[in-house]
Amino acid sequence: MSENPYWFKYDIQLKEGQNTRFHIALDPSTLTMMPTSPAPYPSWVQLAYKQCRCCPLSPKTNLYCPIAVNITELVDKFKNIISHNNCMVVCETVNRTYSKQTSAMEGLTSVFGIVMATSNCPVMNFLKPMARFHLPFSSVEETTARSTSLFLLGQYFEYKKGRVNSFDFNKLEKSYARVQLVNEGLLERIRSLGNRDADKNAIITLHSLSQFLSMETAHSLATIARLFERGADA
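Since this is a predicted model, take the numbers as computed values, not measurements.

Chemist: Hey, could you run me through helix α4 (residues 140-160) in this one?
Modeler: Note: α-helices contain 3.6 residues per turn, so residues at a spacing of three or four share the same orientation. In a regular helix each residue adds 1.5 Å, so 21 residues correspond to 30 Å; α4 covers 30 Å between its end C-alpha atoms and thus fits that length. Within α4 the residues assigned to the buried category are Thr143, Thr144, Arg146, Ser147, Thr148, Phe151 and Gln155.

Set out below in structure tokens:
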């Protein structure tokens, strides 16, 4: 494996003139995001401040919420931005560049997604493999396919090690149920700051997506199952 970090460079250019760049680098061994926001941190970043209901961390050993630390800069720079503000978002990766004329909310949703998955939050760590193959602006269908495919690949490796005997989505469904609690907790933190709505709605979008994925896995992935039925008829 290469020792170089996996990186993603986001450039969010608002029509009003604000141009914000975020450089996200992942440790190649752990897929954990390398910190970019230096201390001191604001009080809302402390773990005990509106701590997520499902959080397994203790304020006695962890002073700060790992996700809150990594979104501090995002929240600060977009605290006065309205969700529907138009912008051009460019995401440059090692292998290719993506761009989209979209809303500030969708641009932030894409950035929040990878930051939250790689901040070393125990609840979110299962999403690290998907973050490694981050797809900006992915649709619900694309996210469902990527999430379930990588989960099954992980189950295969667990099977090879003798750790699981069968493949099902019960574990994934429960994992996304916990993700919803993390989204709710982060939303409470940001809402308490009294900012505008772009950052809040970005997390609400991710929350809705995690709810959908949890329901999808519980209902046999009906959304993407039809794709394979079409293939069988060809």
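Chemist: Could you clarify how one ought to interpret the pattern of salt bridges in this entry?
Modeler: In the structure shown here, the tally under the stated rule is six salt bridges. Across the pair Arg163 and Glu158 runs a salt bridge, and its minimum N-O distance is 3.2 Å.

Chemist: Is there a simple way to explain the packing of aromatic side chains in this structure?
Modeler: Any aromatic ring pair is given by two values, namely how distant the centres are and how the planes are angled relative to each other. In this structure the tally under the stated criterion is six aromatic pairs. Over the ring of Phe133 we find Arg132; its NZ or CZ atom is 4.7 Å from the centre of that ring.

Chemist: Mind showing me how you'd approach unusual backbone geometry here?
Modeler: Residues apart from glycine generally show negative phi values, whereas peptide bonds are mostly found in trans. Omega for the peptide link from Ala39 to Pro40 comes to 5°, which places this bond in the cis form. Among the structural elements, Pro40 can be located in the loop between β2 (19-26) and α1 (66-77). With a phi angle near 50°, Lys50 is a residue other than glycine that sits in the positive phi range. Mapped onto the elements of the fold, Lys50 is located in the loop between β2 and α1. By relative accessible area, which is 39% here, Lys50 ends up partly exposed. One non-glycine residue, Phe137, adopts positive backbone phi at about 60°. Here Phe137 lies in the loop between α3 (128-132) and α4. Its relative accessible area of 16% is what places Phe137 among the buried residues.

Chemist: Got a minute to help me understand the sheet that holds β2 in this structure?
Modeler: The strands that make up a sheet pair up through hydrogen bonds in the backbone, lying either parallel or antiparallel. Within the open sheet, the four strands sit side by side as β2-β1-β3-β4. Their pairing is antiparallel. Each edge of the open sheet is held by one strand with a lone partner, namely β2 and β4 (97-103). Between one strand and the next, the sheet's axes are offset by a mean angle of 15°, whatever the strand orientation. Here strand β1 (residues 6-14) runs beside β2; their pairing, made up of eight bridges, is antiparallel. Within the sheet, the bridge partner assigned to Ile12 lies in β2 and is Thr20. Sheet strands in contact with helix α2 (residues 104-117) are β1, β2, β3 (86-93) and β4, and its direction is about 135° off that of β4.

Chemist: Got a minute to help me understand the packing of α1 against helix α5 (residues 170-191) in this structure?
Modeler: Each pair of packed helices can be described by the angle between their axes along with the distance between the axes. Taken N-terminus to C-terminus, the directions of α1 and α5 make an angle of 50°; their axes are 12 Å apart at the nearest point. Classified by the interaxial angle, the pair formed by α1 and α5 is oblique. Taken as a pair, α1 and α5 cross one another with a handedness that is right-handed. Of α5, the residues touching α1 (which contributes Ile67, Ala68, Ile71 and Val75) are Val182, Leu186, Arg189 and Ile190. A class-by-class count of the residues in the contact of α1 with α5 yields seven nonpolar, no polar and one charged.

Chemist: I'm lost on α1 in this one. Help?
Modeler: The buried count for α1 comes to nine of twelve residues, which makes it a mostly enclosed element. Within α1, the full set of buried residues consists of Pro66, Ile67, Ala68, Val69, Asn70, Ile71, Thr72, Leu74 and Val75.

Chemist: Help me out: how do you make sense of the environment of Val45 in this one?
Modeler: Looking at the element boundaries, Val45 is found in the loop between β2 and α1. Residue classification places Val45 among the buried residues on the basis of a relative accessible area of 0%. Considering only alpha carbons, one finds Val45 and Pro66, 21 residues apart in sequence, at a separation of 8.4 Å.

Quick notes on the rules
- Residues numbered from 1 in each chain as written.
- Predicted model: local features only at pLDDT ≥ 70, side-chain atom pairs only at ≥ 80, totals over all residues.
- Heavy atoms only, no water.
- Helix = DSSP H or I, 4+ residues; strand = E, 2+ residues; numbered from the N terminus.
- Expected span 1.5 Å × (residues − 1).
- Buried < 20%, exposed > 50% of the residue type's maximum accessible area, 1.4 Å probe, protein only.
- Salt bridge = Lys/Arg side-chain N within 4 Å of Asp/Glu carboxyl O.
- Phe/Tyr/Trp six-rings, centres within 6.5 Å; stacked < 30°, edge-to-face > 60°.
- Lys NZ or Arg CZ within 6 Å of the ring centre and 35° of its normal.
- Pairing = 2+ DSSP bridges.
- Axes fitted to C-alpha atoms, helices over the stretch in contact; angles between N-to-C directions.
- Contact = heavy atoms within 4.5 Å.
- Parallel < 35°, antiparallel > 145°, perpendicular 65-115°, else oblique.
- Left-handed = near helix turned anticlockwise from the far one by under 90°.
- Nonpolar A, V, L, I, M, F, W, Y, C, P; charged D, E, K, R; others polar.

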